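One letter stands for each residue in the lines below.
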Amino acid sequence: MFESPRKCAWSECGEESRKTQPVSAARGRRKKKNQQKQQRGGEEANRSVSLPPPRAVGSSSPVAGERRTEERPAAPDPGETIVRGIFQIDKKSCDVVLTARRVTWTPIEPETPTGESDTWRREERVELRDVFAVKVKRRRSVGQQTGGTLLGLTLFCCVRKGLKLKEKTIHLNNLSADHCEVWFQHLKSLLSDFTERPKLLKVFVNPVSHRKEAYQIYRDEVAPLFKLADVKADVTITARRGHALAVLKDCELEEYDGVVCVGGDGSVAEVVHGLLLRAQMDAGRDTDSIFTPVRAALPLGVIPAGSTDTVACSVHGIRHPATAAMHIILGHRQAVDTCSFSSLGRLLRFGFCAMYGFGGRTLALAERHRWMPPTQRREFAFIRTLANLKPEDCELSFLPLNTSQGGPEEPRRLVAKTHFQADGAWQTTRGLFLNLSIMAIPCLCSMAPRGLAPNTRLDNGSMALIAVGDASRSEFIKHLKRYSNRSNQQFSFSFVETHAVRAVRLRPRCRGGSADGASEDNVELESKKTPFISSEGTYPWNVDGELLEVPGELLVRAHPQLITLFGVDVQEVDDPPVNCSCI
Ligand SMILES: Nc1ncnc2c1ncn2[C@@H]1O[C@H](COP(=O)(O)OP(=O)(O)OP(=O)(O)O)[C@@H](O)[C@H]1O
């Protein structure tokens, strides 16, 4: 029944397998029945067990008259059996079938006297798209590095539990070397057809991210999975801010199939900026002009090791390093919009999101208290800025996404208190704003399970502009608190407006010259209408969790699907929601 062209391999496997098969009188009857069935099926049934073993691409020279394009055998029908045999799985002898898509197995059990055989023959399967490695399994004594008794094959698979991806092993036990060799070669060949899976990665690890655990996370949770999947990694442990950017500007990117960043949002932003800047340099773009950027050459994987990890959450839905590693290994790719930040005609950086006003002030204050532990300094800055809550007087212009371009939602009305003016397609408004957020991705995180910008998507080609106008502190706190529930009610305030936009220009309106707001000691002394300006005369922006001091006007442009991240599009975070302890 299981005969194939590689007769010697199969016959040995057959003998070996028979040792493991349960013997029963009913089995003889079934065999006979199957033989009759096979005869009826004729050639069809034979072909299903006899596909030739895989041939390496380019390994055969063309036969006279054969066209080069025919060198590689035609891809098998996805449902067609490539190889079939018997293995012990979970201590049961199983009839195992390999097709181009999956491995299926059915326990071989004796029929009951009543012949109710099919009612308990439960078929199980694993899709090859979820298998990331196949290994020969051997029994070795302690300390033995090579050799050992062959036990069979092990499939390493990825299983989903909610949004979490976990490793699972399936042991296909059979002591026949030839049998296992045939299966191993077929499986290896099929897995190598997943060309989107990376083989060599450039990895950046930020050793000082959050609780300084990034290297440990990489070493203990990610590197073992990469090794199992035969993914090679060229690791750089960053020594300073800007190190990853410097490496990306100069390294031979063509060698790699992807870049991985182990760290928080700040590290991810630096690597994203590096990849995109390098792409513009390679394409000869003048970044000090209104240029059309080219896409990043390589996809980016993000292993979360920061405090908030909004980018990782937005493409994995969970802060779980092993899940992130699995997305990378399996080559799950998601196109992602980015934005560029320019001031005075010069590109400052590429990134995903920015905040001005409350978001910028809070980060600027936290940065001045670097000596504090990260969580404390963030909470301190948050409370202090909230206590001194004041609106920014600015001129806000934005280029709305044409409704025919399929915006994510109807834009909400403009804040009434501002002076509206249309300039071509741009809309300009002047007024007081407590906070302005411009986000190209939803920025999911445990404090905002549906995202800081639930009204944009990863790849919809637009950014969400969320403008929070002047309001009382208690109203502003109510607005912030609503981010933690999943009802999207945070925008149901008269002082909040949202727009789907293609570009935003923000010009802080300075009254009465520079105020020295650099010291938090005199923050209280600032006039309620004076914009927060650092001692260098710049305005603090929170760009991807990093402080960006902008000298005046900032232009933010959306760039649809400029980068590819390893991950998927998720709607909300799977982590338990976290309420900000400060409010
Ligand atoms: N060895 C290093 N020493 C100091 N800073 C570094 C080093 N390596 C990288 N950096 C910089 O640290 C900054 C912050 O990194 P990251 O965002 O990963 O940590 P975090 O701020 O603790 O996390 P989160 O942004 O999630 O709060 C990045 O801008 C990065 O460039």
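Caption draft 1: Expanded view of the confidence of the model for the chain. In the predicted model, the chain carries a mean pLDDT of 82, and 76% of its residues have values of at least 70. Long-range and interchain partners of residues 404-423, a stretch whose pLDDT sits below 50, account for 38 contacts in this model, where long-range means more than four residues apart.

Caption draft 2: Spatial organisation of the pairing of strand E10 (residues 258-263). When you tally the buried positions in E10, you get six out of six residues, the bulk of the element. Of the two faces of E10, the one holding Gly258, Val260 and Val262 and the one holding Val259, Cys261 and Gly263 are both buried throughout. Pairing of E10 with strand E11 (residues 300-304), which is carried by five bridges, proceeds in the parallel orientation. By the bridge assignment for E11, Val262 is matched with Ile303. Regarding the hand of the β-α-β motif, the stretch spanning E10, helix H7 (residues 265-282) and E11 is right-handed.

Caption draft 3: Inspection of the pairing of strand E1 (residues 83-89) at higher detail. Counting buried residues in E1 gives six out of seven residues, a clear majority hidden from the surface. In this structure, the hairpin formed by E1 and strand E2 (residues 92-98) is closed by a connection of two residues, where Asp90 is found at a positive phi of approximately 50°.

Caption draft 4: Here's a closer look at the domain arrangement of the chain. Parsing the chain into structural domains produces domain 1 (7-49 + 78-110 + 122-140 + 147-192), domain 2 (197-331) and domain 3 (337-561 + 578-583). At the interface, 20 residues of domain 2 touch 21 residues of domain 3. Contributions of two or more residues to the side of domain 2 that touches domain 3 are made by H7 and helix H8 (310-316). In terms of residue count, H7 provides more of the side of domain 2 that touches domain 3 than any other element does, seven residues in total.

Procedures and definitions
- Residues numbered from 1 in each chain as written.
- Predicted model: local features only at pLDDT ≥ 70, side-chain atom pairs only at ≥ 80, totals over all residues.
- pLDDT = per-residue confidence, 0-100.
- Contact = placed C-beta atoms within 7 Å.
- Buried ≥ 20, exposed ≤ 12 C-beta atoms within 10 Å, placed from the backbone.
- Helix = DSSP H or I, 4+ residues; strand = E, 2+ residues; numbered from the N terminus.
- Pairing = 2+ DSSP bridges.
- Right-handed = clockwise from strand over helix to strand, strands pointing away.
- Domains from an automatic or database assignment.

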